[in-house]
Amino acid sequence: MTARYAYPPDDPATLATVRASLDDARTLSAGLGERLESTRSIALEGWTGIAADAARAAMVRRTTATESAAVRLGASAHAIETYRGVVVQARAEIDRLRAQHAALTTAAGHTDAAIRSFVANPTPAHAVALTAALTGRVILARRRETLATEYGLVIQRVAEAARDCIETLWDKSSGARSLARELAERDEARYSGPPGFRSDGTSPEGSGQQYPNGLGSMVPGTSTEHPGVPPWPAGDAGAGEYASETAMPDDYATHQAAWLASNLLDLKWPHASENLRRFLANKDGALEQDVDAMLGDLDVLSTTVEARRMQLGQLAVTQAQAAGATGPVTFPVSTGWQGYYATPDQSEDWYYATGGFQYSQQGQVTVYPPSTPGGAWTYATTTVVSTYDRYNWDGGKQTEILGRTVTDEQLAELHRAGLAREYDLYGTSAPSTTEG
Amino acid sequence: MTVTPRRTRHARRLCALALAATLLAGCDASADRKDDMAQASPLPSDAAATAAPALLESAGLALPPTADDVRVEAIVDDTFTDVTVTRFSAPRGEAKAMCVDAGHLYGEVPLIVAHEAAFLGITTEPVDGGVTLPAGTETCQFSLDTRDQVHVVVEPGEPATVNVLMYRFPSR
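These figures come from a predicted structure and were not determined experimentally.

How each quantity is defined
Residues numbered from 1 in each chain as written. Chains lettered and ligands numbered in written order. Predicted model: local features only at pLDDT ≥ 70, side-chain atom pairs only at ≥ 80, totals over all residues. Heavy atoms only, no water. Helix = DSSP H or I, 4+ residues; strand = E, 2+ residues; numbered from the N terminus. Buried < 20%, exposed > 50% of the residue type's maximum accessible area, 1.4 Å probe, protein only. Contact = heavy atoms within 4.5 Å. Areas by Shrake-Rupley, 256 points an atom, 1.4 Å probe, with all protein chains shown as cover. Pairing = 2+ DSSP bridges. Buried area = accessible area lost by both parts, 1.4 Å probe. Salt bridge = Lys/Arg side-chain N within 4 Å of Asp/Glu carboxyl O. Polar contact = N/O pair within 3.5 Å; in protein donor to acceptor, adjacent residues only side chain to side chain. Core = buried A, V, L, I, M, F, W, Y, C linked by side-chain atoms within 4.5 Å. Disulfide = S-S within 2.5 Å. pLDDT = per-residue confidence, 0-100. Axes fitted to C-alpha atoms, helices over the stretch in contact; angles between N-to-C directions. Parallel < 35°, antiparallel > 145°, perpendicular 65-115°, else oblique. Left-handed = near helix turned anticlockwise from the far one by under 90°. Nonpolar A, V, L, I, M, F, W, Y, C, P; charged D, E, K, R; others polar.

So, the overall build of chain B
So, step 1. Per the secondary structure count, chain B includes four helices and 10 strands.
So, step 2. For chain B, the N- to C-terminal ordering of α and β elements is β-α-β-α-β-β-α-β-β-α-β-β-β-β.
So, step 3. The buried share of chain B, taken over its 172 residues, is 58%.
So, step 4. Of all intrachain contacts in chain B linking residues separated by at least 6 positions in sequence, the fraction that spans at least 24 positions is 60%.
So, step 5. When the accessible area of chain B is evaluated, it comes to approximately 6,300 Å², of which 50% is carbon and sulfur surface.

Structural data, given as structure tokens:
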């Protein structure tokens, strides 16, 4: 799955099929209307009387209804075709954004090359080149933001076109109601979330918010609504499209070796083994991580989380004092996603299980004014820690396994060959409280 | 100009199967680890004066108005890429404002991961992958995306020495 710059979920080919079916139905209805009219004129010619008038009126009603149905079906087909056109155009624009993003990624890679050249040979010429590369990062950062904005506008156009299409289907075509209902039900999940974030409506991804400095708006009392886990950050592109290539015998051999190894290592590195097995199990979706175990194993992470909880409490006290709070007040807490890299000297298990991942804290902080004049303000910050990572292989390392050299690229190939599948790693810890 | 090679204790990022290989081969996983050599070079002062504001701006930070003695160090590392450290001297209040105004939590944190400590030139021996920071050291840290990381470390003292570490995670 390419999290960044994903296509709208609707497939133009499917929409074309739907449109063709509606067109066929319209043609049939129009033909039936003409035949009814012809039949009426022939069958009822020369027949008079009360029964003949009733038969004539009934046939006119049916002819009119059939012709009306043809018109409605035509309008529905037109609406679907219009929507399909927007989707096709959106895909083309997204292809352009993807190409520009790839170019940005390549350009960003030039910075490290410039660093390496300068450090290896710190001449004035290399210094100038490095300075240019570093100052160029500003342009890259701005361009990255622009791309995200452009993508958001493209998706917004698709969402608006989808709604127009749905309205037409509801109004013009009772025959397409089931399709319209399905589109309407999927619409909210499909297009929610800010640009650059993935939300396919089927994963355990959160839809909460995050606040600058981590604190939301103050409310009186000792509790507030939990802000929820923010949408997952956009991940790397990964190895490429799943099952887009043919599996070769070597891929099967790599898969078997990796599967055996993951089972043999289960006791020594349980989380790394489980995550690798899940990759090899070739399942879509997400795998929950034991964040409490992660916090227990990664001392710097847990210490940093604890320190930030304390800082949230101190910041909340400052804001409560500034607001003149005279009773307990509570702030929702939701920090932005923050990267963390589990190196092997911290935990080999988590290094191999996830390596770099994102974490954030959600919860609340309650501030208590002094109970006696001149007393101290106190706080209690209670948060959970949420984590996210995309399990994929797109590095450049290799190793020997069971007498075979296995590279990251070979494992990535398993995904492209449809023998293994990239997926999301996520989890949330138990709540913890820091008081001060 | 002085080129100062620095040794970092963090190991090369191996793929998960390296573990399998070492276990199956009957040796300890740590045997596959090696000390990487991280080399650092400072930019000339005129180049640093140009590059530092741009680097900070690319991270959404503004160089404090009274920042002095601005230096930029480029670091080559075997695991992490695009490693730079921008250092300057500034009043603590301005250093804090640089973080807070950009919407980041700021305050004292007692530990830092060993590879970041190595990039910053902190020579304290790591324990379980972490290095204890001197009391009074304040930080803010954030991500630009899932791989680009920023860690601002403000050393004790007034004015404070401010270190802005920027680097990029490996793909996994």
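Now that the structure has been shown, we can carry on.
Some points on the overall build of chain A
So, step 1. Helix and strand counts for chain A stand at 10 helices and 10 strands.
So, step 2. Partitioning the contacts of chain A with sequence separation of at least 6, the portion at a separation of at least 24 is 76%.
So, step 3. About 19,900 Å² of surface is accessible on chain A, with carbon and sulfur atoms providing 55% of the total.

Some remarks on the pairing of strand β4 (residues 338-341) of chain A
All names here are of chain A.
So, step 1. Of the two faces of β4, the one holding Gln338 and Tyr340 and the one holding Gly339 and Tyr341 are both buried throughout.
So, step 2. Here four bridges tie β4 to strand β5 (residues 356-368), and the two strands are oriented antiparallel to one another. Bridged to Gly339 within β5 is Gln358.

A few points about the interface of chain A and chain B
So, step 1. The interface of chain A with chain B comprises 75 residues on the first partner and 75 residues on the second.
So, step 2. Between chain A and chain B the total buried area reaches about 6,200 Å² when both faces are included, carbon and sulfur atoms providing 63% of it.
So, step 3. Considering only the surface of chain A that becomes buried against chain B, Arg308(A), Tyr341(A) and Tyr352(A) emerge as the three largest contributors, covering 11% of it.
So, step 4. Linking chain A to chain B there are two salt bridges.
So, step 5. One salt bridge in this structure joins Arg142(A) and Glu57(B), with 2.3 Å as the shortest N-O distance.
So, step 6. Taken together, the links from chain A to chain B amount to 14 residue pairs in polar contact (both at pLDDT 80 or more).

Some details on the nonpolar core
So, step 1. Ranked by internal contacts, the top residues of the largest apolar core, which has 40 residues, are Leu298(A), Leu301(A), Tyr340(A) and Phe357(A).
So, step 2. Not counting residues up to four positions away in its chain, the partners in contact with Leu301(A) are Leu295(A), Tyr340(A), Phe357(A) and Tyr359(A).
So, step 3. Ranked by size, the runner-up nonpolar core spans 36 residues in total, among them Ile115(A), Phe142(B), Val150(B) and Met166(B).

Focus: the state of the cysteines
Residue and element names in this part refer to chain B.
So, step 1. Taken as a whole, this structure holds one disulfide over all chains when the rule is applied.
So, step 2. Shown here is the disulfide that connects Cys99 with Cys140, its sulfur atoms set 2.1 Å apart. One disulfide, between Cys99 and Cys140, carries an S-S torsion of -65° and so falls in the left-handed class. Separated by 41 residues along the polypeptide, Cys99 in helix α3 (residues 92-100) and Cys140 in strand β8 (residues 138-143) bring together distant segments of the chain.

Brief notes about helix α10 (residues 408-416) of chain A
Residue and element names in this part refer to chain A.
So, step 1. Among the nine residues of α10, eight are classified as buried, and the element is accordingly described as predominantly covered.
So, step 2. For α10, the full list of buried residues reads Asp408, Gln410, Leu411, Ala412, Glu413, Leu414, His415 and Arg416.
So, step 3. The first or second residue beyond α10 is Gly418, which carries a positive phi of 80°.

Digging into the environment of Thr135(A)
So, step 1. Looking at the element boundaries, Thr135(A) is found in helix α3 (residues 124-172).
So, step 2. Along the sequence, Thr135(A) and Ala92(A) sit 43 residues apart, while their C-alpha atoms lie 31 Å from each other.

Section: unusual backbone geometry
In most cases, non-glycine residues show a negative phi, while peptide bonds are predominantly trans.
So, step 1. Of note, the bond from Glu158(B) into Pro159(B) is cis; its omega dihedral lies within 30 degrees of zero at -5°.
So, step 2. Here Pro159(B) shows up in the loop between β9 (148-154) and β10 (160-168).
So, step 3. One non-glycine residue, Asn213(A), adopts positive backbone phi at about 65°.
So, step 4. With respect to the helices, strands and loops of the structure, Asn213(A) is situated in the loop between α4 (177-191) and β1 (219-220).
So, step 5. Look at Asn213(A) and you get buried, because its relative accessible area is 17%.
So, step 6. One non-glycine residue with positive phi stands out, namely Asp69(B), at about 55°.
So, step 7. Among the structural elements, Asp69(B) can be located in strand β3 (residues 68-76).

Notes on the confidence of the model for chain A
So, step 1. In this model, chain A carries an average pLDDT of 83, and 88% of its residues clear a pLDDT of 70 or more.
So, step 2. Scored below 50 in pLDDT, residues 186-202 of chain A makes 35 contacts in the model with residues more than four places away or belonging to other chains.

As for the packing of helix α5 (residues 249-264) of chain A against helix α6 (residues 270-280) of chain A
All names here are of chain A.
So, step 1. With their axes 9 Å apart at the nearest point, α5 and α6 run at an angle of 150° to one another. Taken together, the axes of α5 and α6 are roughly antiparallel relative to one another. Viewed along their axes, α5 and α6 form a crossing whose handedness is left-handed. For the pair formed by α5 and α6, the contact residues are His255, Ala258, Trp259, Ser262 and Asn263 on the first element and Ser273, Leu276, Arg277 and Leu280 on the second.
So, step 2. By residue class, the composition of the contact of α5 with α6 is four nonpolar, four polar and one charged.

Side note on the environment of Ala114(A)
Residue and element names in this part refer to chain A.
So, step 1. In this structure, Ala114 sits in helix α2 (residues 50-120).
So, step 2. Residues Ala114 and Ile155 lie 41 residues apart in sequence; the distance between their C-alpha atoms is 36 Å.
So, step 3. When neighbours within four sequence positions are excluded, Ala114 is seen to be in contact with Ala129, Leu130 and Ala133.

Things to note about the confidence of the model for chain B
All names here are of chain B.
So, step 1. In this model, chain B carries an average pLDDT of 81, and 78% of its residues clear a pLDDT of 70 or more.
So, step 2. Long-range and interchain partners of residues 1-36, a stretch whose pLDDT sits below 50, account for 111 contacts in this model, where long-range means more than four residues apart.
So, step 3. At the level of chain-chain contacts, confidence expressed as ipTM amounts to 0.80, with global pTM at 0.72.

Focus on the pairing of strand β6 (residues 378-391) of chain A
Residues and elements named next belong to chain A.
So, step 1. The element β6 is extensively covered by neighbouring structure, given that 12 of its 14 residues are classed as buried.
So, step 2. Pairing of β6 with strand β10 (residues 432-435), which is carried by four bridges, proceeds in the antiparallel orientation. If you follow Thr383 over to β10, its bridge partner there is Ser432.
So, step 3. Relative to strand β9 (residues 423-428), β6 runs antiparallel, the two being bridged by six bridges. Note that in β9 the partner of Arg390 across the bridge is Asp424.

Considerations on the packing of α5(A) against α10(A)
Residues and elements named next belong to chain A.
So, step 1. Where α5 meets α10, the closest approach of the two axes is 10 Å, and the angle between their N-to-C directions is 110°. Considered as vectors, α5 and α10 are oriented roughly perpendicular to each other. Contact residues: α5 offers Asp250, Asp251, Thr254, His255 and Ala258, while α10 offers Gln410, Leu411, Glu413 and Leu414.
So, step 2. Within the contact of α5 with α10, the residues separate by chemical class into three nonpolar, three polar and three charged.

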